[in-house]
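# Structural features, examined
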Amino acid sequence: MFFNEKKFICMDTTVTIKIVSQQKTNKIDQAIDEAAGFFYKIERTCSRFDPDSELMQLSRHAGKSVSVSPLLYQAVKFAVETARETGGAFDPSIGRSMERRGFDKNYLSGEKVRSTFADTERATYEDLSFDEENREILLKKPMVIDLSAVAKGMAIDVAAKAIRDEGFVNFIINAGGDIYAAGHNVREKPWKIGIRNPARRSEWIGSVRLSNAAICTSGDYERPSKVLPGENHLLDPHRNQSPENIASCSVIAPFAMLADAFSTASFIMGIDKGLKKMEEMNLDCVMITRSLDVRSTNKFKEKWSWND
Amino acid sequence: MSKLSPKWITLCTAAIGLAYTAGYVVTEPKAAAVSLATQSSVQSGVNGSQNQGTPNSQGNSGSQGNQSSQAPSNSQSGQSSQGSSQTQSQSGYKDGTYTGQGMNQIGSVAVSVTIKQGKIASVQITDCTTSYPQSAIDPLPAQVVSRQNANVDNVSGATESTNDFVTAVQQALSQAQA
């Protein structure tokens, strides 16, 4: 058993890709580089911090149907479907609110974005409409689309597909705690994934064993607002504030994009509603409350070999 | 994993497939590899030098000698004891028929997988719209049944179709996981 690992910076986080293989081969490096290329491509297309990204070009063209790339179409479509599923608890139209809450800096250039064009009206996900046939998206009101809870998961899934297509079945992709684990680790065991203790961040509150599944965690400790004390990057669009009581929410799903979007969505929905929604969708979820109680969907602990 | 609705499977599969097809960017100054490690491990592994068909816990065919055919019990951490940590996915398939789909630039492969008594009883290719004839991947369903996992041999010249088939089977199996 050999493994090779690479780290790179993308989407304002460190991405680590590790491939385990029977043979030592240059193909591992090539596969990781290709996977990284997909991360960069998706970042470039879906970033709201880059005025030239395809996403921002679309955002600036409210009022008319815009033809977009398949990648962007699918990402926005997925975000809006998630919004519909959660009655707007998750809402991709909140980009401008996020800017105002201090999440406005391009981590690569250091430049701040200020999309005042979106200040005229209050928009929601219902102001986005899709023309499937012509692959066009219409913004009925000006808005900044925020795909930060979709793009990373999507990049992980596409990277995983690229690595699989190179013939590897045992690997792990970790993008700042959003993880897809395929096959087994170098000790031929399912990958062990720790879930951070929100109060003592160097410690785990528990761990799970994953194989061919993704886990993504939304934590209130991860990105505090520099503008609003006590607020963080998780915004409840209905109340225009960060949810209380819940410290972190992890979702396990067959796809990272599902785990990513729904860890954010169920965090915002809160403990009871969020867990209920996850049960309903047959996704697995564990939430840590601010008082460090562990709450999870039925059978979560047995299913994923929870170890605390 | 329990059954995820087909709607979400389709949304994810389409997004991933199309983003993959769109290709990637090659140059990126930040793409510096921070660390690069190659290690050999002491694990000898029972299954020697199989090509890419390494034991994949989608239901590996017992290469770790785990004979349990019941749904494995809870929270085995398997830290030290060899072969105890293949979690629920080893044999915990739920009976029923599950579908999955894999796609690429030129088409897609859809399958239907039937689980009986926790085992993969049959696999059918329900749709094949790739540029290769379906006959290229006709032998694959039998391999899945005999190996009880999605690790089929690559079909030379029809890699895409094979990958799609594997993706489709994995997707079906992920729904079948108890």
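What counts as what
- Residues numbered from 1 in each chain as written.
- Chains lettered and ligands numbered in written order.
- Predicted model: local features only at pLDDT ≥ 70, side-chain atom pairs only at ≥ 80, totals over all residues.
- Heavy atoms only, no water.
- Helix = DSSP H or I, 4+ residues; strand = E, 2+ residues; numbered from the N terminus.
- Buried < 20%, exposed > 50% of the residue type's maximum accessible area, 1.4 Å probe, protein only.
- Contact = heavy atoms within 4.5 Å.
- Areas by Shrake-Rupley, 256 points an atom, 1.4 Å probe, with all protein chains shown as cover.
- Pairing = 2+ DSSP bridges.
- Axes fitted to C-alpha atoms, helices over the stretch in contact; angles between N-to-C directions.
- Parallel < 35°, antiparallel > 145°, perpendicular 65-115°, else oblique.
- Nonpolar A, V, L, I, M, F, W, Y, C, P; charged D, E, K, R; others polar.
- Salt bridge = Lys/Arg side-chain N within 4 Å of Asp/Glu carboxyl O.
- Expected span 1.5 Å × (residues − 1).

- As annotated in an unreviewed UniProt entry, chain B carries the name FMN-binding domain-containing protein and comes from Sporolactobacillus putidus.

### Some thoughts on the overall build of chain B
- Tallying secondary structure elements over chain B gives three helices and four strands in all.
- Across chain B, helices and strands are ordered from the amino to the carboxyl terminus as α-β-β-β-β-α-α.
- Put simply, chain B has 178 residues, and 49% of those count as buried.
- When contacts within chain B are restricted to residue pairs at least 6 apart in sequence, long-range pairs at least 24 apart make up 52% of them.
- Accessible area of chain B: about 8200 Å², with a carbon and sulfur share of 50%.

### Thoughts on the pairing of strand 6 (residues 170–175) of chain A
All names here are of chain A.
- Taking burial as the measure, the six residues of strand 6 include five buried ones, the bulk of the element.
- Bridge count between strand 2 (residues 13–21) and strand 6: six bridges; the pairing is antiparallel. When the sheet's bridge partners are listed, I17 is paired in strand 6 with I173.
- As paired strands, strand 6 and strand 7 (residues 178–182) are joined by five bridges and run antiparallel to one another. Its bridge partner lying in strand 7, A175 is registered against D178.
- Connecting strand 6 to the next strand, strand 7, in antiparallel fashion are two residues, including G176 with a positive phi near 60°.

### Considerations on the packing of helix 1 (residues 26–46) of chain A against helix 3 (residues 70–85) of chain A
Residue and element names in this part refer to chain A.
- Contact geometry for helix 1 and helix 3: axes closest at 10 Å, N-to-C directions at 70°. The angle between helix 1 and helix 3 places the two elements in the roughly perpendicular class. On helix 3, the residues touching K41, I42, T45 and C46 of helix 1 are L71, L72 and A75.
- When its residues are assigned to classes, the contact of helix 1 with helix 3 shows five nonpolar, one polar and one charged.

### Considerations on the pattern of salt bridges
- For the coordinates displayed, the defined rule picks out 16 salt bridges over all chains.
- Two residues, E81 of chain A and K7 of chain B, come together in a salt bridge whose shortest N-O distance is 3.1 Å. Here K7 of chain B lies in helix 1 (residues 6–21) and E81 of chain A lies in helix 3, a pairing that spans two chains.
- For E81 of chain A, a relative accessible area of 10% gives the class buried.
- Assessed through its relative accessible area of 38%, K7 of chain B is described here as partly exposed.
- Of the charged contacts in the structure, one is a salt bridge between K152 of chain A and D178 of chain A, with a shortest N-O distance of 3.7 Å. Of the two residues, K152 of chain A sits in helix 5 (residues 151–165) while D178 of chain A sits in strand 7, which places them 26 residues apart along the sequence.
- Take K152 of chain A: its relative accessible area is 14%, and that puts it in the buried class.

### Topic: the environment of G270 of chain A
All names here are of chain A.
- Take G270: it is sitting in the loop between helix 6 (256–269) and helix 7 (271–281).
- Counting along the chain gives 27 residues from G270 to P243, while the straight-line C-alpha distance between them is 7.1 Å.
- Excluding its chain neighbours within four sequence positions, the residues that come into contact with G270 are L275 and M287.

### Structural notes on helix 3 (residues 159–176) of chain B
- Spanning 18 residues, helix 3 of chain B covers 25 Å between terminal C-alpha atoms, matching the ideal 26 Å at 1.5 Å per step.
- Helix 3 of chain B sits mainly inside the fold: 15 of its 18 residues count as buried.

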